Amino acid sequence: MVDFEVYEYDDKGTMVEWYWSDQIKKNWKTWKPKIEDVLLVSLTSKKENGRLIAEIFQSVMEIEHPKKIKPTGIYKVRR
């Protein structure tokens, strides 16, 4: 039996438990998860599930894989 590492997300005062679908790849530095990899433990309505999964995925991606800031001005052209 595989043990799942369950995380918690605060949704307006209620804690929602979730986990990654692939428990092995989640520890790799080069693994960039997809929105389908987020799974909720306690299911609510389908509309709420979609909203919660999107919020969780976006918050994790902002922290783990931030967008690169492109240089501007004199730093834009480097030779």
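For clarity, every value in this text was computed on a predicted model and none was experimentally measured.

Asker: I'm lost on the pattern of salt bridges in this one. Help?
Answerer: Where side chains of opposite charge bring their charged atoms close, a pairing between them can arise. Under the criterion given, the structure shown has 3 salt bridges. Between Arg 51 and Glu 48 there is a salt bridge whose closest N-O contact spans 2.7 Å. Of this pair, Arg 51 and Glu 48 both sit in helix 1 (residues 46–64), 3 residues apart, roughly one helical turn. Residue class for Glu 48 comes out partly exposed when judged on its relative accessible area of 33%. With its nearest N and O atoms 2.9 Å apart, the salt bridge here joins Glu 55 to Arg 51. Here the residue Glu 55 and the residue Arg 51 both occupy positions in helix 1, the gap between them amounting to 4 residues, near one helical turn. Here Glu 55 falls in the partly exposed class, since its relative accessible area comes to 28%. Classification of Arg 51 by relative accessible area gives partly exposed; the value is 26%.

What counts and what doesn't
- Every residue gets a number counted from 1 within its own chain, in the order that chain's sequence is written.
- Local features are withheld for residues below a pLDDT of 70 in this predicted model, meaning they are given only at 70 or higher, and side-chain atom pairs are given and counted only at 80 or more; totals for whole chains, interfaces and linings count all residues.
- To get the side-chain values, take all heavy atoms of the structure and skip hydrogens and water.
- Each salt bridge in this description consists of a side-chain nitrogen of Lys or Arg and a carboxyl oxygen of Asp or Glu lying within 4 Å of one another.
- For the purposes of this entry, the term helix denotes a DSSP run of H or I that reaches at least four residues, the term strand denotes a run of E that reaches at least two, and both are numbered from the N terminus.
- The buried label goes to any residue with under 20% of its type's maximum accessible area, the exposed label to any with over 50%, and the partly exposed label to all in between, with areas taken from a 1.4 Å probe on protein chains only.

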